[in-house]
Amino acid sequence: MSKTQPVIVNLVGLFIDHENIEISLQDLYQSEVVSYDIQKIIETVKTIGNLAVAKTYIHRASREKLYKYFEYGIESVYTPRYLMEEASRSLADPMMICDIMETIFQKPDVNTYVILTNDKDFIPVIRKLASYGKKVILMCVEGASLSPYIVHECDMHDFVVREVPMFDAREKQK
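Remember, predicted model here, so these are calculated numbers, not experimental data. (Residues numbered from 1 in each chain as written. Predicted model: local features only at pLDDT ≥ 70, side-chain atom pairs only at ≥ 80, totals over all residues. Heavy atoms only, no water.)

1. Quick notes on the layout of surface pockets
One number sums up the size of the second largest pocket: a volume of about 250 Å³. What lines the second largest pocket is a set of 11 residues, among which Arg81, Ser90, Ala92, Asp93 and Asp119 lie closest to the centre. Elements represented by at least two residues in the lining of the second largest pocket include exactly helix H1 (18-29), strand S6 (88-90) and helix H4 (92-106). In the lining of the second largest pocket, the residues fall into 2 nonpolar, 3 polar and 6 charged. (1 Å grid on protein atoms, 1.4 Å probe; cavity = no way out; pocket = protein on both sides within 12 Å on 5 of 7 lines; lining within 4 Å. Points joined across faces, edges and corners; volume = space filled by probe spheres on them. Helix = DSSP H or I, 4+ residues; strand = E, 2+ residues; numbered from the N terminus. Nonpolar A, V, L, I, M, F, W, Y, C, P; charged D, E, K, R; others polar.)

2. Observations concerning the pattern of salt bridges
Enumeration according to the criterion identifies 3 salt bridges in this entry. For Asp99, the salt bridge goes to Lys55, with nearest N and O atoms at 3.4 Å. Of this pair, Asp99 sits in helix H4 while Lys55 sits in strand S3 (residues 50-58), placing them 44 residues apart in sequence. Each member of the pair, Asp99 as well as Lys55, carries the same accessibility label: buried. (Salt bridge = Lys/Arg side-chain N within 4 Å of Asp/Glu carboxyl O. Buried < 20%, exposed > 50% of the residue type's maximum accessible area, 1.4 Å probe, protein only.)

3. Here's the deal with the packing of aromatic side chains
The full count for this structure, using the stated rule, is 3 aromatic pairs. Aromatic side chains Tyr67 and Phe70 sit 5.8 Å apart centroid to centroid with 45° between the ring planes, which places their arrangement in the tilted category. Here the residue Tyr67 and the residue Phe70 both occupy positions in helix H3 (residues 63-71), the gap between them amounting to 3 residues, near one helical turn. Residue Tyr67 is classed as partly exposed on the basis of its relative accessible area, which comes to 49%. Judged by relative accessible area, which is 61%, Phe70 ranks as exposed. On the numbers, 5.6 Å between centres and 85° between planes, the contact of Phe105 with Tyr132 is edge-to-face. Of the two residues, Phe105 sits in helix H4 while Tyr132 sits in the loop between helix H5 (123-131) and strand S8 (135-140), which places them 27 residues apart along the sequence. Residue class for Tyr132 comes out partly exposed when judged on its relative accessible area of 41%. (Phe/Tyr/Trp six-rings, centres within 6.5 Å; stacked < 30°, edge-to-face > 60°.)

4. Here's the deal with the confidence of the model for the chain
Scored by pLDDT, the chain has a mean of 82; 82% of the residues are at 70 or more. Counting contacts from residues 168-174, a segment whose pLDDT is below 50, to residues more than four positions away or on other chains yields 6 contacts. (pLDDT = per-residue confidence, 0-100. Contact = heavy atoms within 4.5 Å.)

5. Digging into the packing of H4 against H5
Each packed pair of helices is defined by two parameters, the angle between the axes and the distance between the axes. Two elements in contact, H4 and H5, have axes separated by 10 Å at closest approach and are oriented at 5°. Relative to H5, H4 is oriented roughly parallel. On H5, the residues touching Ile97, Ile100, Met101 and Ile104 of H4 are Val125, Lys128 and Leu129. Residues belonging to the contact of H4 with H5 are distributed by class as follows: 6 nonpolar, no polar and 1 charged. (Axes fitted to C-alpha atoms, helices over the stretch in contact; angles between N-to-C directions. Parallel < 35°, antiparallel > 145°, perpendicular 65-115°, else oblique.)

6. Observations concerning the environment of Ala52
Here Ala52 lies in strand S3. Residues Ala52 and Gly13, spaced 39 residues apart in sequence, show a C-alpha to C-alpha distance of 5.8 Å. Once you skip the residues sitting within four places of it in the chain, Ala52 turns out to touch Leu11, Val12, Lys107 and Val110.

As structure tokens, then:
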């Protein structure tokens, strides 16, 4: 009797800090029509493994953008803002961090986490993922206000830092 070897599948969790990436791209290119390409992100993730969980954290987005997320199986999580006296504060980061931590325990087979952000607030969760033996791929907007601290953290754990695939909406309209 021959024994078959179990197939080991790399399961991936995708977490998108939507506004952080959008704002980083807009600041970098001085344009509000610049955005990232969801299809290319999904294609990149599929080269890493099978998508087990995918969420994007959004305060505001067009119907087209929300539908695009839906089309690719990415859950849109509404992130309200607290209005302060001088500015507003988004709950995107803490909500995203809670969901990442929850995924560690609810879906322990997810072994690779793809996080799209330029924000150093994710350093503690990157450290926690490393302590649980998880791999992290940080997708960020290189050349924008990328925190060198988060890149350093990824380097310390041999995690990968990749540029967010993007497109210019003006070019797509031609």
